[in-house]
2 protein chains.
Amino acid sequence: MNEHVHTTQDLTKNQSLVMGALSRSDGPLSAYTILDQLRDDGFRAPLQVYRALDKLVEFGLVHRLESLNAFVACRHPGCDDHETVAFMICETCGQVNEISDNTLAKQLKRLATDAGFALKKSTVELRGICSACAAA
Amino acid sequence: MNEHVHTTQDLTKNQSLVMGALSRSDGPLSAYTILDQLRDDGFRAPLQVYRALDKLVEFGLVHRLESLNAFVACRHPGCDDHETVAFMICETCGQVNEISDNTLAKQLKRLATDAGFALKKSTVELRGICSACAAA
DNA sequence: AGTGTCACGTTATTTTGTTACACGATTGCG
DNA sequence: CGCAATCGTGTAACAAAATAACGTGACACT
C-alpha cells in the first residue's frame, strides 16, 4: 500500500463512519449534521467528528468548504493537487461541483510567486446558480 | 452623491463605528473583537456588529474572509468588482493582502460560464507565508 | 516494565452567528 | 394631518461551530 494515498481500508472506525456519511450524501454536510447521522453508531461529541474530519482532509479524501462551514467527499481522491481545487456552489439547490483546473492552479501560484508569497493552500469557492437550477 | 458608491458619510452611527474599528486595524478582525472594541461606544450585543458588517459588505467597504471568520476594510473602496477579489493571508503574521487581478477574475468567470454556472460571488483566499515573514 | 504514539471518549467552554421581539425615526402618500 | 411602510436600533435568548482539557485503552518498540 502506498504510504501517501489513503483508501477506505486505511481508515479507522470513526473515520470510516464519517467518510461513509459524506459519501452517501449528495451535498456538503456540516460537522454537526454528521454527528447527528452517526448517533446510532455511537457518536456523542463533536470532537469525534472533527478529529475524523481533520484526518480525512489530511488524507485528501474530504474537502472543507470554508464559505459553508461544511465538508464534502472529494470527487477525485488520489489526485495530487488537493491544495488547489475550486468549488462551484449552487445557492439554490446546494449542490457542489468540484473543479480541478490546471490553468487556474498555475495562475494562483504565479500570483503568489509574484508577490513573494509562499502559497500553502488556496481556497476558491464560487457562489451562484447552477445550470440545472437556472433552467428550472 | 452617487447612489451606488458609499462613502463614510452615508454610514449610520453603528456602521461608522464598525468601519472605524476595521480601518484602524492593520489586520482582519472578528465580529466579537469588534464588539469588544466598541463596548465603550455603547455596543452590547453581537447583532449590532453583524448588522453593521452586513451593510458594509453590501456597500463594498468591507470584505469577509471566509477562511478566518473575520472581516477587513477594503483597500480600494469604490472599485466595481467586489465580487472577484482575492486575498493572500499570511499564516505567520496574520496580515492580509487584497489583490484585484483582472486575469484571474476573467478566468473564474470563464470557468463558471463554461459550466453554465451563473456566478454571483467568488471567494479566493490564499494561505501561506508572506515575503516579510519568510525573510525574517 | 518502560516509553511513545495514536485513536478514542467525555465534559466543559469558547467562539461565531442567528431568531425573536420591541422601539424610535423617517419617508411617502392618501 | 394621519397612517402605513421602511429602516436602523436595542436587548435577550438561543443555536451552531469549534476547541480545550483531561483521561483511557491499544499497540509497537526497546
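In the block above lies the structure referred to throughout.
First, a word on what this report is: a plain description of the structure on this page. Fair warning: this is a prediction, and the values are worked out from it, not measured in the lab. (Residues numbered from 1 in each chain as written. Chains lettered and ligands numbered in written order. Predicted model: local features only at pLDDT ≥ 70, side-chain atom pairs only at ≥ 80, totals over all residues. Heavy atoms only, no water.)

**Some thoughts on the protein's contact with DNA strand D**
For step 1, the next point in the chain: The environment of DNA strand D is formed by 15 residues, the closest being Tyr32 and Arg64 of chain A together with Thr12, Gln48 and Arg51 of chain B.
For step 2, the next point in the chain: Within 4 Å of the protein, the atoms of DNA strand D are drawn from sugar and phosphate moieties in a proportion of 52%.
For step 3, the next point in the chain: Measuring from a phosphate oxygen of DNA strand D, one finds a side-chain N or O atom of Gln48 of chain B at 2.6 Å.
For step 4, the next point in the chain: Taken together, the elements giving at least two residues each to the surface near DNA strand D come down to helix 3 (46-59) of chain A together with helix 1 (13-24) and helix 3 (46-59) of chain B.
For step 5, the next point in the chain: Broken down by element, the residue count for the surface near DNA strand D peaks at four residues, all from helix 3 of chain B.
For step 6, the next point in the chain: Grouping the constituent residues of the surface near DNA strand D by class yields five nonpolar, five polar and five charged. (Near = heavy atom within 4 Å. Polar contact = N/O pair within 3.5 Å; in protein donor to acceptor, adjacent residues only side chain to side chain. Helix = DSSP H or I, 4+ residues; strand = E, 2+ residues; numbered from the N terminus. Nonpolar A, V, L, I, M, F, W, Y, C, P; charged D, E, K, R; others polar.)

**Section: the sheet that holds strand 4 (residues 96-99) of chain B**
For step 1, the next point in the chain: Strand order in this open sheet of six strands is 4(A)-3(A)-5(A)-5(B)-3(B)-4(B), and the pairing throughout is mixed. Every other strand in the sheet has two partners, leaving strand 4 (96-99) of chain A together with strand 4 of chain B as the edge strands with one partner each. Mean inter-strand twist for the sheet, computed between neighbouring axes without regard to direction, equals 20 degrees.
For step 2, the next point in the chain: Here strand 3 (residues 84-90) of chain A runs beside strand 4 of chain A; their pairing, made up of four bridges, is antiparallel. In the sheet register, Ile89 of chain A faces strand 4 of chain A, and the bridge partner there is Val96 of chain A.
For step 3, the next point in the chain: Where helix 4 (residues 102-114) of chain B meets the sheet, it contacts strand 3, strand 4 and strand 5 (118-129) of chain A together with strand 3 (84-90) and strand 5 (118-129) of chain B, and its direction lies at approximately 130 degrees from that of strand 5 of chain B. (Pairing = 2+ DSSP bridges. Axes fitted to C-alpha atoms, helices over the stretch in contact; angles between N-to-C directions. Contact = heavy atoms within 4.5 Å.)

**Points about the interface of chain B and chain A**
For step 1, the next point in the chain: On the chain A side, the residues contacting the 32 residues of chain B number 32 residues.
For step 2, the next point in the chain: For the chain B and chain A pair, buried surface summed over both sides reaches about 2700 Å², with 64% attributable to carbon and sulfur atoms.
For step 3, the next point in the chain: Summed over the three residues of chain B that lose the most area to chain A, namely Leu111, Phe117 and Leu126 of chain B, the buried surface amounts to 21% of that side.
For step 4, the next point in the chain: At the boundary of chain B with chain A, the tally comes to two salt bridges.
For step 5, the next point in the chain: Between Lys120 of chain B and Glu91 of chain A there is a salt bridge whose closest N-O contact spans 3.9 Å. (Buried area = accessible area lost by both parts, 1.4 Å probe. Salt bridge = Lys/Arg side-chain N within 4 Å of Asp/Glu carboxyl O.)

**Quick notes on the protein's contact with DNA strand C**
For step 1, the next point in the chain: What surrounds DNA strand C is a group of 16 residues, the closest being Asn14, Gln48 and Arg51 of chain A together with Tyr32 and Arg64 of chain B.
For step 2, the next point in the chain: Within the side chain of Arg51 of chain A, an N or O atom sits 2.3 Å from a base nitrogen of DNA strand C.
For step 3, the next point in the chain: Tyr32 of chain B has a polar side-chain atom sitting 2.5 Å from a base nitrogen of DNA strand C.
For step 4, the next point in the chain: Listed by contribution, the elements that provide at least two residues to the surface near DNA strand C are helix 1 (13-24) and helix 3 of chain A together with helix 3 of chain B.
For step 5, the next point in the chain: Residue contributions to the surface near DNA strand C peak at four residues, all from helix 3 of chain A.
For step 6, the next point in the chain: Split by residue class, the surface near DNA strand C holds six nonpolar, five polar and five charged.

**Comments concerning the relation of the copies chain B and chain A**
For step 1, the next point in the chain: Each copy of the sequence occupies a distinct position, and chain B is placed on chain A by a rotation of 180 degrees and an axial shift of 0.0 Å, giving an RMSD of 0.1 Å. The superposition operator between the copies reduces to a two-fold rotation axis. When each C-alpha of chain B is compared by its distance to the rotation axis, Val124 of chain B comes out closest, at 2.3 Å.
For step 2, the next point in the chain: When the interface residues of chain B are mapped onto chain A, 100% of them again fall at the interface, so both copies present the same face. (Least-squares fit on C-alpha atoms with pLDDT ≥ 70 in both.)

**Focus: the packing of helix 4 (residues 102-114) of chain A against helix 4 of chain B**
For step 1, the next point in the chain: Direction vectors running N to C along helix 4 of chain A and helix 4 of chain B enclose 160 degrees, while the axes themselves pass 11 Å from each other. The angle between helix 4 of chain A and helix 4 of chain B places the two elements in the roughly antiparallel class. Judged by the twist between their axes, the crossing of helix 4 of chain A over helix 4 of chain B is left-handed. Residues Thr103, Leu104, Gln107, Leu108 and Leu111 of chain A of helix 4 of chain A lie in contact with helix 4 of chain B, whose contacting residues are Thr103, Leu104, Gln107, Leu108 and Leu111 of chain B.
For step 2, the next point in the chain: Per-class residue counts for the contact of helix 4 of chain A with helix 4 of chain B are six nonpolar, four polar and no charged. (Parallel < 35°, antiparallel > 145°, perpendicular 65-115°, else oblique. Left-handed = near helix turned anticlockwise from the far one by under 90°.)

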